[in-house]
Every structure is written in structure tokens, then in C-alpha cells.
Amino acid sequence: MQLTGAEIIWESLLREGVDVLFGYPGGAILPTYDALSKYPQIHHVLVRHEQNAAHMADGYARASGKVGVCMVTSGPGATNLTTGLATAMMDSSGIVAITGQVPTKAIGSDAFQETDVTGVTLPVTKHNYLVSRVEDLAQTIHEAFHIARTGRPGPVLIDVPRDLQNARTEFVYPTTPVRLPGYRPKPSGSPEQIRRAAALINAAKQPVVLAGHGITISGAQDELLEFVEKTGIPVSTTLLGISSIAESHPLCLGMMGMHGEAYTNLAIQDSDLVFAIGMRFDDRVTGNLAKYLPHADVIHVDIDAAEIGKNVPTDIGIVGDAKAVLQQILPLVEPGERSDWLNKINEWRNEVRARDIIHQEFPDDILLAPHVMHELWRVTGGAVLVTTDVGQHQMWEAQYFRHDRRNQLITSGGLGTMGFALPACMGAKFAQPNEEIWCVVGDGGIQMSIPELATLVQENLDVKIAIINNGFLGMVRQWQELMYDRRYIATPLLQPDFVKLAEAYGIMGMRVTRQTELAPAITRARAHRGPVLIDFRVEEDTNVFPMVGPGRALHDMIRRPLHLVATEAAQ
């Protein structure tokens, strides 16, 4: 059938299973928006800033396991997407972004709202396209979804000139499998490498599994659980690997790294073998590389061959999908009895827990962020999905909310994007409409995406927003306290009245300043049908500990007890 390029875009999206799209119209994409009226099967969500369209598509992709889609116009609309694309790229999130472009003959003339979008986004996308013929549009979209969802997922951008959106051609959507030169994701690991890895695992006395985001992306949670229970090897997770194994499991050590559990970092540094699956050894995980894993052999599994040996020397590198590799290695590993190793780790664990902030007593008017996170977990029974920005609130959520359900935390890990949590929360709600979803965000990050409160109301999304309000750009303030002699330059925040602001948008708003108010406020928010914003006014000088400082080894942590900081703040 003869269709315009605009109609081909919508027909192609339907065939890729798209039913929701996040976007913002403009002149260069207007023909495509005009054709949307013919496709009521696709729900369009009007964002208030293009960056948030990418974050919503990202949140949707992570919560659903499908490709998220966003659409914006040329020039500033497309460049506003860049941070969202970079966020998705760093965290391996599969999204497709469609941008309008000036007419083909105007490209390169510095036309109104023209930008070299493929040039701008080349470093922050898995692949991108500038469509030059309307006849290629359907095939391009088909390829883009294939690239976004296969191998190591990532963002793909398609730039479509306006004249091609109006041009007509015969529409036949491709049905044959996509075959691209140089792009052949390899799901299974090398049998020889698998055999060698199993032999190392069986011989290890003090091994540790490091589980990353690849476990969730590949759906390898069952295989990971079977592996650790068969071998008796404890498992630590990266930030994005949280909830790849239930944190209440006795073999789960929790999060590793800069603000990971002290006993976890000690175990990693004392191990004789590290089996790393679907993680990339970034600097927040390793600390000083020269002092990392002094006694351990390293087995590294990743779908992306470029990650093997990139940061940490690898004894055995296995390129493959986490689920497939674990299925290959499971029959070869032997049941393990490592009670001495686990007892050693548990001694460290018990020592840390005895000093934990949750076990300390404070006056009712001393409200700490860990109190909020712990109570949110307790009142909800942990049966919620959480999104966060980056910073102190993100680390406290990781430390004090027990994640026992799969894919329970959606956060900006690699890029550390402020403003991510609220739009990602909304995208996740479209993916999981029956899920209870909480957006946990700092008072700085929320102000980067606060216009999306209007989108939240317009779409009538039942999500809850917890602002951890300490009056500062908290993590930067913490570094200024510990490393810059308390020179708090450009970190104190002037804020609006968040409760009044929520009410101005038609959202229920509450403020909490005392510990005894926590449970009633959370309970009331959960009972309300519709969006709710809670302004948690927490102590401003509380820091996140433990902390591996710059240049320090992973086991060389600042372990100043959190309650001492809170006590000083109260004084």
C-alpha cells in the first residue's frame, strides 16, 4: 500500500509492538504528528522537556524489558535528548529515538532549527541513522529496534528529514531477520573458556560472585540463584545489579563499591577468585585499580567483548549472554562447602550491623534519610518498584531499602543523571500500570524535572514522590565537608515550598519532619488514588558511609559512624 513517510513511521512502530511513545512536537516532525490521528493504538505522552522524553522511554524499557520510544523535533528538540540518550547508553537501556530534521535539500545550510544530530549523538548512541530515502524508512526502523534490543542493549536514533515524512512510497514491512555486517551478538560462551572457568571455580577457597546489570537484562536471576546455591559462593551486586538476587538471601552480600557494605568490600579484597557477570568494573566499584583484588583470579563474563579486560586484567574472559553462560557452566561446577569463608564474612557483617544507624535511638525530631528509606521499605513490605536520581538519596535507598523482588530499582548508574528519577518513574508506570511505584529523589534533582508534574497530572499516573530534602546538593556537600575543608560553595539550595507547588499542579502534598510522622504519611500516600508528593525534611549534615575516598583501595574505607554525624548536626 502507498503511504507517506509519516504513516510508515507509525505503521512500523505498531509492527514492533509499540503502544506508548513519549515526545514533544515541533515543525520538523509535524507531518508525523499529524498522521498520529490515524493510529489510536499508540498512546502519545506529551512531556514538558525533551530530555525527559528519553528518560521516560528509558524507564519504560527497564521496567518492561521492551524497547522504549521517544520522538522530538529537530535542532534544540533533538539536542535536548542527548543527556537522556547518554544515560541509556551508559546503563545499557534499549530505546529508539525518532527525530525530525530539516528538508533534505536544506541540510548543511544552517537552516532554522537545523543541527547535525547524528554527529552530535554518535558518541552516546549504540547506532544512529540519517534517512536519505523514504523507501529505506521501514527497513531502518526494523534495524533500529533489532540493534536496540539485542546484544548489549542501547539507544538508537533515527533522524528523518521533513520532506521524507511527506513523500509517498509502497509500504512493505520487513519480515526477514535482520543481518548487519559486523554486528553479530554472541550469546553463548566459548566451551573451552567455560571449562577452564568451572575448574577455577571448583578449586577456589574464598570466591565471590560480582553480579551486574547484565543479570537483569538477560533475565538470568534463576540461573544466578541456582549457581550460588549449588556452589555456596556469596554474591555481591553493583548498583544496577541490585535485586538480581534477593537481598535477604544468606549468600547475598549486598552492594559493593564506593558506598557499598564494608564487609562486602572486605570480602572482595580478601577473595581468591572473582566471578564477574554482566558488569564492567567501573571506578565506583573498584576503587584504586592498582590495589584492587590483590589475591584473586578474575573470570569476567560480558556480552560486550570490549569490556573484557578493559579496566581489570582478566584471567578468563567469556564473551556471551549472562543467562546462556550460566546455563553452560552450571553442570560443570561442583557443590561447594565454604563455611570457613562464609563465617569470616559474617563476622565482618555482624560487626558492621551492630553500628548501623537503624539500631541507634534519636529524638523524634531528628529525622535522618536512612529513617525514611527504612520506613518506606517497612511500611510497603518492600513490594514496590523504586526509581532514583543520583546522589546521597540514591545511596541511602541502595543501603536501607531491602530489595527482594526482581528488577526493583531503576536508577541512573553510569552517567549519574540528576532529573532522571521522576520521568523514569512515569515511564515505568506505563510499563507496569499495576505496580506500586515510588520516585525517591533529592531536593536538587527534583528541580531539574519538576515541570513533568504537569505531565503526571495530565496522564493521571498513580505514582508517589518522596523528596529527600536536606537543603543541599547533598553528595557534593559531603565531598566539600570531607575534602574541601567545609567550603560549601554553590551547594546550599534555595527551594520552593514543595507541598504548595504540588498542590498548584493538583497533586496531594505532605510534609514530614519527625520520625513518628513517617509511617502515617507513607500509609496515607499509598491509600490515595493518584499522584502524591511527600517532602521529607531530613538533617542536612548527614553523610553516606562507608565511603571509599578518591585514590583509596576498596578495603580502605572511611567508616565514621553515621550516627555521630547526625548527633553533631543536632547539636
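Quick caveat: nothing in here was measured; it's all calculated off a predicted structure. (Residues numbered from 1 in each chain as written. Predicted model: local features only at pLDDT ≥ 70, side-chain atom pairs only at ≥ 80, totals over all residues. Heavy atoms only, no water.)

1. Here's the deal with the domain arrangement of the chain
Here comes step 1: Domain boundaries assigned for the chain yield domain 1 (2-170), domain 2 (191-347) and domain 3 (367-538).
Here comes step 2: The straight-line distance from the C-alpha centre of domain 1 to that of domain 3 is 30 Å.
Here comes step 3: Taken together, the contact between domain 1 and domain 3 spans 24 residues of the former and 27 residues of the latter.
Here comes step 4: Of all residues in domain 1, the largest losses of buried area upon contact with domain 3 belong to Arg48, Arg62 and Ala63, amounting jointly to 30% of the total for that side.
Here comes step 5: In this assembly, domain 1 and domain 3 are joined by zero salt bridges.
Here comes step 6: Taken together, the connections running from domain 1 to domain 3 amount to 13 residue pairs in polar contact (both at pLDDT 80 or more).
Here comes step 7: When residues of the side of domain 1 that touches domain 3 are traced back to their parent elements, those giving at least two are β2 (20-23), β3 (43-46), α3 (50-64) and α5 (82-90).
Here comes step 8: Tallying contributions element by element places α3 first for the side of domain 1 that touches domain 3, with 10 residues. (Domains from an automatic or database assignment. Contact = heavy atoms within 4.5 Å. Buried area = accessible area lost by both parts, 1.4 Å probe. Salt bridge = Lys/Arg side-chain N within 4 Å of Asp/Glu carboxyl O. Polar contact = N/O pair within 3.5 Å; in protein donor to acceptor, adjacent residues only side chain to side chain. Helix = DSSP H or I, 4+ residues; strand = E, 2+ residues; numbered from the N terminus.)

2. Focus: α5
Here comes step 1: The complete set of buried residues in α5 reads Thr82, Gly84, Leu85, Ala86, Thr87 and Ala88.
Here comes step 2: Next to the buried residues of α5 lie α3, α4 (76-79), β5 (95-101), α6 (117-121) and β7 (156-161).
Here comes step 3: Phi turns positive one or two residues past the end of α5, at Ser92, with a value near 55 degrees. (Buried < 20%, exposed > 50% of the residue type's maximum accessible area, 1.4 Å probe, protein only.)

3. A closer look at the environment of Thr87
Here comes step 1: Mapped onto the fold, Thr87 is located in helix α5.
Here comes step 2: For the pair Thr87 and Glu7, spaced 80 residues apart in sequence, the C-alpha to C-alpha distance is 30 Å.
Here comes step 3: With residues near it in sequence (within four places) discarded, Thr87 still touches His55, Asp58, Arg62, Ser412, Leu415, Thr417 and Phe420.

4. Points about the packing of helix α11 (residues 221-231) against helix α14 (residues 322-329)
Here comes step 1: Relative orientation of the contacting elements α11 and α14 amounts to 35 degrees, with a least axis distance of 9 Å. Considering the relative orientation of α11 and α14, their crossing is left-handed. Contacts between α11 and α14 involve Glu223, Leu224 and Phe227 on the former and, on the latter, Lys323, Leu326, Gln327 and Ile329. (Axes fitted to C-alpha atoms, helices over the stretch in contact; angles between N-to-C directions. Left-handed = near helix turned anticlockwise from the far one by under 90°.)

5. Some details on the packing of aromatic side chains
Here comes step 1: The tally for this structure, following the rule as stated, stands at six aromatic pairs.
Here comes step 2: Taken together, a centroid distance of 5.7 Å and an interplanar angle of 70 degrees make the contact between Phe472 and Tyr488 edge-to-face. With a gap of 16 residues between them, Phe472 in the loop between β18 (464-469) and α21 (474-483) and Tyr488 in the loop between α21 and α22 (498-504) connect regions that are remote in the sequence.
Here comes step 3: The exposure class assigned to Phe472 is buried, which follows from its relative accessible area of 10%. (Phe/Tyr/Trp six-rings, centres within 6.5 Å; stacked < 30°, edge-to-face > 60°.)

6. What to know about helix α9 (residues 191-203)
Here comes step 1: Spanning 13 residues, α9 covers 19 Å between terminal C-alpha atoms, matching the ideal 18 Å at 1.5 Å per step.
Here comes step 2: The set of residues buried in α9 consists of Gln193, Ile194, Ala197, Ala198 and Ile201. All buried residues of α9 project into a common sector of 135 degrees when viewed along the axis, lining one side.
Here comes step 3: Buried-residue contacts for α9 involve α11, β12 (273-277), β13 (297-302), β14 (316-319) and α14. (Expected span 1.5 Å × (residues − 1). Arc of directions from axis to C-beta.)

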